[in-house]
Amino acid sequence: MTSTVPRADAQELPTAGFERLAQAVDEAARAVAELEPSARQAAQSLREAIEAAHRVALTTIVRRLRADGTGRELLFELVDDPLVRMIFSLHGIIRADPAARARTVLDGVRPGLASHGGDVELDHVQDGVAYVRLSGACNGCSMSSVTMRTMVEQALVGQVAEITAVEVLPSQPGPTLIPLDALRRGGDTHPASHDAGWVRALRVEDVPDGRITAVRLTTATGGAQDVIVVRIDSQMTAYTDQCAHQGLPLGEALLDTAAATLTCPWHGFRYDALSGECISAPGVALEQLPLRVDGSDVWIRAGR
Ligand code: FES
């Protein structure tokens, strides 16, 4: 059996926008999937060889740009372009962060949910499933909860490639006080000690003054959560390792200890290092996580 692979218009593609280019890739992929096995295998090998060459070349370009101040700024601007961002993600040059993108997508559906008297929060993303909590009128079993669940599901599955399903978690109980004793139980060993969501994350000696320390926590549910700890003098503050702008990591942010500010290395959003509030965009903030120092250990309450 032979199959005809449609050819995108060679005149059109060089100037096409993101959606048309993505559509052309999808069309070609669908056509290749219908080829007979040997032709499909050959097409697959060709694609892998071309991608490997592109990955090496792109990595070289990015390394060179990163090594130069002006080049770095240019690189950060380029990351804003959806096609560049997609290609960088595809080649592992920037971290694909489905949770950050999911939060951005949920911001887009929030006004629609509000019209039903509801709201939504992303709890976490794991194995392609987005776990969300609905609140307000949609947190229950009214007709509108079905509508809102559908809105959330369509938005997340439709717009975040890594998400294939959505699960609605029960609403959270109100905040409760956590007795200090719960943090003082002995015998646990770093780093997998969990208690009421608290994780023994680091030793105090591993958090240098005037630095940002990045750490990956293993949560009670076995998930991973990337966190940064900012230390200025004796004060330590923990944040989810995601800039509030585009969710990119902050491990290499610039920390100004005199002004107590933290500047995102990607597009320059500046934050109060002690509160997480954004100075560049009022009303925006880093997600701060509870942190306690107990003896020589730093405990952080994982958020998901
Ligand atoms: S990701 Fe854009 S400023 Fe941080």
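Our structure's up above, just so we're on the same page.
**Q** How should the overall build of the protein be read in this particular structure?
**A** Within the protein, the regular secondary structure consists of 6 helices and 14 strands. The 304 residues of the protein split such that 34% are buried. Counting every atom, the protein has about 17,400 Å² of accessible surface; 54% of that belongs to carbon and sulfur.

**Q** What should I look at first to understand the pattern of salt bridges in this one?
**A** Should their charged atoms come close, side chains of opposite charge can pair. All chains considered together, the criterion is met by 10 salt bridges. With a closest N to O distance of 3.6 Å, Arg149 and Glu153 form a salt bridge. Here Glu153 and Arg149 lie together in helix H6 (residues 143-159), a separation of 4 residues that amounts to about one turn. Classification of Arg149 by relative accessible area gives partly exposed; the value is 31%.

**Q** I keep staring at the sheet that holds strand S8 (residues 235-240) and nothing clicks. Help me out?
**A** To summarise the sheet geometry, strands pair through backbone hydrogen bonds and adopt either a parallel or an antiparallel arrangement. With respect to topology, 4 strands assemble into an open sheet ordered S6-S7-S8-S12, the strand pairing being antiparallel. Since the sheet does not close on itself, it has two edges, and those belong to strand S6 (211-218) and strand S12 (288-289), each with one partner. With 2 bridges connecting them, S8 and S12 associate as antiparallel partners. Considered in S12, the bridge of Ala238 is made with Leu289.

**Q** I tried to follow the side chain of Thr213 on my own but got confused; where do I start?
**A** By the secondary structure assignment, Thr213 is in strand S6. Other than its neighbours up to four places away in sequence, Thr213 contacts Leu202, Asp206, Val207, Pro208, Val227, Ile228 and Val229.

**Q** When you look at the nonpolar core in this model, what are you seeing that I'm missing?
**A** Note on soluble globular proteins: their nonpolar side chains tend to be buried together. By size, the foremost hydrophobic cluster in this structure holds 28 residues, and its most contacted members are Phe88, Val230, Leu250 and Leu262. Mapped onto this core, the elements with two or more residues apiece are helix H2 (37-66), helix H3 (69-78) and strand S7 (224-232). The residue makeup of this core includes at least three contributed by each of domain 1 (13-90) and domain 3 (180-301). Beyond its immediate sequence surroundings of up to four residues, Phe88 is in contact with Leu58, Val62, Leu75, Val79, Ile93 and Ile94. Formed by 18 residues, the second largest nonpolar core is a distinct cluster that contains Ala99, Leu156, Ile163 and Val166.

**Q** Could you clarify how one ought to interpret the environment of Asp226 in this entry?
**A** Along the chain, Asp226 turns up in strand S7. It is 9.7 Å that separates the C-alpha atoms of Asp226 and Gly251, two residues lying 25 residues apart in sequence. Engagement of the side chain of Asp226 in a polar contact is seen with the side chain of Arg216, the distance being 2.7 Å.

**Q** It is not clear to me how the packing of H2 against H3 should be interpreted in this structure. Could you clarify?
**A** A pair of packed helices is captured by two measures, namely the crossing angle of their axes and the spacing between those axes. Packing of H2 against H3 leaves a shortest axis separation of 6 Å and a crossing angle of 125 degrees. In this view, H2 runs oblique relative to H3, as classed from their interaxial angle. Only Gly71, Arg72, Leu74 and Leu75 of H3 make contact with H2, whose side of the interface consists of Val62, Leu65 and Arg66.

**Q** Explanation requested: the pairing of strand S2 (residues 129-136) in the structure shown.
**A** The side chains of a regular strand alternate between the sheet's two faces. Bridging between strand S1 (residues 118-126) and S2 involves 8 bridges; their strand directions are antiparallel. Across the sheet, residue His124 finds its bridge partner in S2, namely Tyr131. Here S1 folds back onto S2, and the loop between the two strands holds 2 residues, one of which, Asp127, carries a positive phi near 50 degrees. Pairing analysis gives 5 bridges linking S2 to strand S3 (residues 165-169), with the strands arranged parallel. Opposite Ala130, over in S3, you have Val166 as the bridge partner.

**Q** How should the pairing of strand S14 (residues 297-301) be read in this particular structure?
**A** Within S14, 4 of the 5 residues are buried, leaving the element largely enclosed by the surrounding structure. Hairpin connection between strand S13 (residues 291-294) and S14: a loop of 2 residues separates the two successive antiparallel strands, and Gly295 in this loop has a positive phi of roughly 65 degrees.

**Q** Just checking my understanding: could you explain the environment of Gly136 for this structure?
**A** Checked against the element boundaries, Gly136 lands in strand S2. Apart from the residues lying within four places of it in its own chain, the contact partners of Gly136 are Gly117 and Gly118.

**Q** Would you explain unusual backbone geometry in this entry?
**A** Excluding glycine, residues mostly carry a negative phi; peptide bonds, for their part, are mostly trans. Positive phi, close to 50 degrees, is recorded for Asp127, a residue that is not glycine. Within the secondary structure, Asp127 sits in the loop between S1 and S2. Assessed through its relative accessible area of 75%, Asp127 is described here as exposed. Unlike most non-glycine residues, Asp233 shows phi in positive territory, near 55 degrees. Within the secondary structure layout, Asp233 lies in the loop between S7 and S8.

Each value, and the rule that gives it
- Residues numbered from 1 in each chain as written.
- Predicted model: local features only at pLDDT ≥ 70, side-chain atom pairs only at ≥ 80, totals over all residues.
- Heavy atoms only, no water.
- Helix = DSSP H or I, 4+ residues; strand = E, 2+ residues; numbered from the N terminus.
- Buried < 20%, exposed > 50% of the residue type's maximum accessible area, 1.4 Å probe, protein only.
- Areas by Shrake-Rupley, 256 points an atom, 1.4 Å probe, with all protein chains shown as cover.
- Salt bridge = Lys/Arg side-chain N within 4 Å of Asp/Glu carboxyl O.
- Pairing = 2+ DSSP bridges.
- Contact = heavy atoms within 4.5 Å.
- Core = buried A, V, L, I, M, F, W, Y, C linked by side-chain atoms within 4.5 Å.
- Domains from an automatic or database assignment.
- Polar contact = N/O pair within 3.5 Å; in protein donor to acceptor, adjacent residues only side chain to side chain.
- Axes fitted to C-alpha atoms, helices over the stretch in contact; angles between N-to-C directions.
- Parallel < 35°, antiparallel > 145°, perpendicular 65-115°, else oblique.

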